[in-house]
Amino acid sequence: MTELTGKRALITGISGQDGWYLTELLQQKGYEVHGILPSRAPGIGEAGPQLYYGDLADGTTLDSVFDQAQPDEVYNLAAQSHVRLSFDLPIYTADVTGVGALRVLEATRKFQDRAGKQVKFYQASSSEMFGKVVETPQSETTPFHPRSPYACAKVYAFWQTVNYRESYGMFAVNGILFNHESPRRGEAFVTRKITKAAARIKLGLQKSLQLGNLEARRDWGFAGDYVDAMWRMLQHDEPDDFVVATGETYSVRDCLDAAFTHLDLDWQKFVQTDTSLYRPAEVDLLRGDATKARENLGWEPKVSFARLIRMMVDHDLDLARRELRLQDMDLPE
Ligand code: G4F
């Protein structure tokens, strides 16, 4: 049911997986949603937010977007978010993922002064910041040891957010989100790469799947659950930083098992490892402790890892069936 808040939200990176789920959540709550995206993207337009083109590598249009959107809440989700790619594009990643967050923070601070109202700021921080972990599970007090240009950029953005809170008294928070997936996940991330390949292999559209490190372990949750935690952080009495995680950890191998078994397939017959997909430095194990979010925000994950992977495989099976039908009809996609 729609609760009419009359609030306005501005989301950077609105066309990504999280931007899409967050848009739907905020609209259900009666928000007017505005979003910045770098180029035309399928999907998000259907949800009906007000869209502006912009790239965090170029902050020159931010002031004018803020003046048009008049936000009460700003969610900075935009980033070059692919860890492996950040080794090939370290400077671009530092600019968009690190300094880009600073550009949005500064635009928020200046708009807050112009508008004469409090504007709350959410920074999409990442469990990748824990990197070479010094303890397990990882919580808000675990020291960071970033292992990629992406993670270094996220650490920079994390501390800028803390500094804007401490220097200017801004309501600025970091959500330290562990991996979160869904049928809307980009196809370059490992869960979606696996569920898509499993579905296409099942229907004979693909013969094999090349992957990198199968031993890496991640704490994988459902993106739809995680955007609710973002919103709750901005409704909390005090601005603070929170870990968002399931508390469980699974390997890439476990993900293969879950996806292929759901389709009665044995992944060992189809998967090859390709060393070019390994990272120069790997994050071996992530498992989060979300006690603080549970106790202070009343947040908890609802979708288990097994259900998440089944949901993604079922969705990708539908897409593969459609691909097969188009092929049979010999029509262009
Ligand atoms: O799915 P991934 O690419 O996600 P990664 O690197 O953990 O990062 C994701 O989660 C972070 C939150 O902790 C976000 F901040 C970040 O933006 C992103 O959304 O890789 C997961 C694991 C890695 O250990 C990787 O080495 O899977 C391993 N892996 C093995 N083969 C692969 C592949 N990853 C990808 N992307 N592709 C492979 O072929």
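The rules behind the values
Residues numbered from 1 in each chain as written. Predicted model: local features only at pLDDT ≥ 70, side-chain atom pairs only at ≥ 80, totals over all residues. Heavy atoms only, no water. Helix = DSSP H or I, 4+ residues; strand = E, 2+ residues; numbered from the N terminus. Rg over C-alpha atoms; globule rule 2.2 N^0.38 Å. Buried < 20%, exposed > 50% of the residue type's maximum accessible area, 1.4 Å probe, protein only. Contact = heavy atoms within 4.5 Å. Expected span 1.5 Å × (residues − 1). Domains from an automatic or database assignment. Buried area = accessible area lost by both parts, 1.4 Å probe. Salt bridge = Lys/Arg side-chain N within 4 Å of Asp/Glu carboxyl O. Polar contact = N/O pair within 3.5 Å; in protein donor to acceptor, adjacent residues only side chain to side chain. Near = heavy atom within 4 Å. Areas by Shrake-Rupley, 256 points an atom, 1.4 Å probe, with all protein chains shown as cover. Pairing = 2+ DSSP bridges. Axes fitted to C-alpha atoms, helices over the stretch in contact; angles between N-to-C directions. Patch = residues over 30% accessible without salt bridge, like charges linked within 9 Å, V, L, I, M, F, W, Y side chains within 5 Å.

Participant: I'm lost on the overall build of the chain in this one. Help?
Facilitator: When its secondary structure is counted, the chain shows 11 helices and 13 strands. In terms of C-alpha radius of gyration, the chain reaches 20 Å, essentially the compact-globule figure of 20 Å for 333 residues. C-alpha extents for the chain along the principal axes are approximately 60 × 50 × 40 Å. Counting over 333 residues, the chain shows a buried share of 50%. When contacts within the chain are restricted to residue pairs at least 6 apart in sequence, those whose partners lie at least 24 apart make up 77%.

Participant: Whenever I open this one, helix 7 (residues 190-202) confuses me. Can you help?
Facilitator: In an α-helix there are 3.6 residues to a turn, and that puts residues three or four apart on one side. Compared with an ideal rise of 1.5 Å per residue, which puts 13 residues at 18 Å, helix 7 spans 18 Å between its outermost C-alpha atoms and is within 8% of the ideal. Every buried residue of helix 7 is accounted for by T191, R192, I194, T195, A197, A198, A199, R200 and I201. Two residues or fewer past helix 7, G204 is found with a positive phi of approximately 75°.

Participant: For this particular structure, what's the right way to read the domain arrangement of the chain?
Facilitator: Size of an interface: often given as the accessible area lost when the parts come together. Looking at the chain, the domain boundaries give domain 1 (8-183 + 221-244) and domain 2 (190-216 + 249-282 + 303-326). Put simply, the middle of domain 1 and the middle of domain 2, counted by C-alpha atoms, are 28 Å apart. Counting from both sides, the interface comprises 11 residues of domain 1 and, opposite them, 14 residues of domain 2. Summing both sides of the interface, domain 1 and domain 2 together bury roughly 1,100 Å²; the carbon and sulfur share of this comes to 61%. Three residues, R84, R147 and P183, lead the burial of domain 1 against domain 2; their summed loss comes to 46% of the area buried on that side. The tally of links from domain 1 across to domain 2 stands at 0 salt bridges. Run the count over domain 1 and domain 2 and you get 5 residue pairs in polar contact (both at pLDDT 80 or more). If you list the elements that add at least two residues to the side of domain 1 that touches domain 2, you get helix 4 (83-88) and strand 10 (221-222). With 3 residues, the top contributor of residues to the side of domain 1 that touches domain 2 is helix 4.

Participant: Whenever I open this one, the site of the ligand confuses me. Can you help?
Facilitator: Close to the ligand lie 23 residues, the nearest being S126, S127, Y150, R279 and E282. Within the side chain of N179, an N or O atom sits 2.8 Å from an oxygen atom of the ligand. Contact distances for the ligand include 2.8 Å between an oxygen atom and a backbone N or O atom of V190. Protein chains bury 96% of the 720 Å² of accessible surface belonging to the ligand in isolation. Each of domain 1 (8-183 + 221-244) and domain 2 (190-216 + 249-282 + 303-326) contributes no fewer than three residues to the shell around the ligand.

Participant: Can you walk me through the sheet that holds strand 1 (residues 8-12) in this structure?
Facilitator: Hydrogen bonds along the backbone pair up the strands of a sheet, which may run parallel or antiparallel. Taken together, the 7 strands give an open sheet; going across it, the order is 3-2-1-4-5-6-11, and neighbouring strands pair in parallel fashion. Two strands lie at the open edges of the sheet, namely strand 3 (50-53) and strand 11 (242-244), each paired on one side alone. Ignoring strand direction, the axes of neighbouring strands in this sheet form an average angle of 20°. Examined bridge by bridge, strand 4 (residues 73-76) and strand 5 (residues 120-126) share 4 bridges and lie parallel to one another. The partner of N76 across the bridge, within strand 5, is Q123. Running at roughly 175° to strand 1, helix 1 (residues 17-28) makes contact with strand 1, strand 2 (32-37) and strand 4 of the sheet. Most of the contacts of helix 8 (residues 223-235) go to strand 4, to which it runs at about 140°, and overall it touches strand 4, strand 5, strand 6 (172-177) and strand 11.

Participant: Mind showing me how you'd approach unusual backbone geometry here?
Facilitator: As a rule of thumb, non-glycine residues mostly have phi less than zero, and peptide bonds are mostly trans rather than cis. P137 follows T136 through a cis peptide bond whose omega is 0°. Its location among the elements puts P137 in the loop between strand 5 and helix 6 (149-168). The phi dihedral of D264 falls on the positive side, at around 55°, and the residue is not glycine. Relative to the helices and strands, D264 resides in the loop between helix 9 (252-262) and strand 13 (271-273). With relative accessibility at 70%, the residue D264 sits in the exposed group.

Participant: Which parts of the structure should I look at to understand a nonpolar patch on the surface?
Facilitator: Among the surface-exposed residues, L85, L89 and Y92 lie close enough to one another that they form a single nonpolar patch of about 250 Å² accessible area. As for its position among the elements, L89 is in the loop between helix 4 and helix 5 (90-115).

Participant: I tried to follow the environment of Y75 on my own but got confused; where do I start?
Facilitator: Structurally, Y75 can be placed in strand 4. Residues Y75 and L263 lie 188 residues apart in sequence; the distance between their C-alpha atoms is 37 Å.

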